[in-house]
Amino acid sequence: MYFKHLLSRVVPPFMGLALLVGIWSLVSITSTNNFPNPTDTFWQAVDVFSNPFYSNGPNDQGVGWNVWSSLKRVALGFGLAALVGIPLGFLIGRFEFLSRMFNPLISLLRPVSPLAWLPIGLLVFKGANPAAIWTIFICSIWPMVINTAVGVQRVPQDYMNVARVLNLSEWKIVSKILFPAVLPYMLTGVRLAVGTAWLVIVAAEMLTGGVGIGFWVWDEWNNLNVKNIIIAIFVIGIVGLVLEYALIKLATAFTFEDVQS
């Protein structure tokens, strides 16, 4: 029974990877543009990861340093968005006046492409690095604000009635009633925000340059090194998958069973 369960968990992902490699091989065989095949790309990856942290100047660094630079930008922009977005979500969900005040603004600004904010960041901050962090901030804040506000609004009214009967202060209401109930929704917003942030930083770095995985992709394209571009795509996907998995495990640890289902 255990072996059968293990097969059901392991075989489908391997079949999916095999399908991807098969399609990739077919494209490389039929391509007239010398598209790299999986075998050549694998050996190029071995070479790239044999020394991922080399540094030959600001514009020639290993893939490890590029990923690290991107993660630092994401962490800073995402952290600032959490510091602003989560308290704002609590306020919007708690007070109807603020909800009516901010909902039109959120509805107006949330659909805007994150990269549309990049020129504003370049104009205001006069630098590529703070502009990229600003872009991460503005694209990360909306999932946290919306999910936190929805969580607050879905707290059962009975809980609030008990708080009134006990004459609890606003701080007690937030810390003892709202926060435990809203935590699963808040963590869902955090998980969505970090996925969006990792998507956006790659595109932002392509436009701003400097050190980062997005800049590495663009630089390899300028060098016509398609194998390294494919390697970078896999690196971006794996890092995003690790971030997503870590936040899912964190959210599951603090989520009640009825919300998990």
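Thresholds applied
- Residues numbered from 1 in each chain as written.
- Predicted model: local features only at pLDDT ≥ 70, side-chain atom pairs only at ≥ 80, totals over all residues.
- Heavy atoms only, no water.
- Buried < 20%, exposed > 50% of the residue type's maximum accessible area, 1.4 Å probe, protein only.
- Helix = DSSP H or I, 4+ residues; strand = E, 2+ residues; numbered from the N terminus.
- Contact = heavy atoms within 4.5 Å.
- Axes fitted to C-alpha atoms, helices over the stretch in contact; angles between N-to-C directions.
- Parallel < 35°, antiparallel > 145°, perpendicular 65-115°, else oblique.
- Left-handed = near helix turned anticlockwise from the far one by under 90°.
- Salt bridge = Lys/Arg side-chain N within 4 Å of Asp/Glu carboxyl O.

J.: I keep staring at helix H9 (residues 213-222) and nothing clicks. Help me out?
T.: Structurally, the α-helix is built with 3.6 residues per turn, so residues lying three or four positions apart point the same way. Looking only at H9, the buried set comprises Ile 213, Gly 214, Phe 215, Trp 216, Val 217 and Glu 220. Those residues of H9 that are buried lie in contact with helix H2 (38-49), helix H3 (63-94), helix H8 (170-208) and helix H10 (226-253).

J.: Which parts of the structure should I look at to understand the packing of H3 against helix H6 (residues 128-153)?
T.: If you want to describe how two helices pack, look at the angle between their axes and the distance between the axes. Direction vectors running N to C along H3 and H6 enclose 30°, while the axes themselves pass 6 Å from each other. Relative to H6, H3 is oriented roughly parallel. Between H3 and H6 the crossing geometry is right-handed.

J.: I tried to follow the pattern of salt bridges on my own but got confused; where do I start?
T.: A side chain with one charge may pair with a side chain of the opposite charge, provided their charged atoms come close. A full pass over the atoms with the stated rule returns three salt bridges. Across the salt bridge formed by Arg 73 and Glu 205, the nearest N and O atoms sit 2.6 Å from each other. Taken together, the residues span a long stretch of sequence, with Arg 73 in helix H3 and Glu 205 in helix H8 at a distance of 132 residues. You'll find Arg 73 and Glu 205 in the same group, each marked buried.

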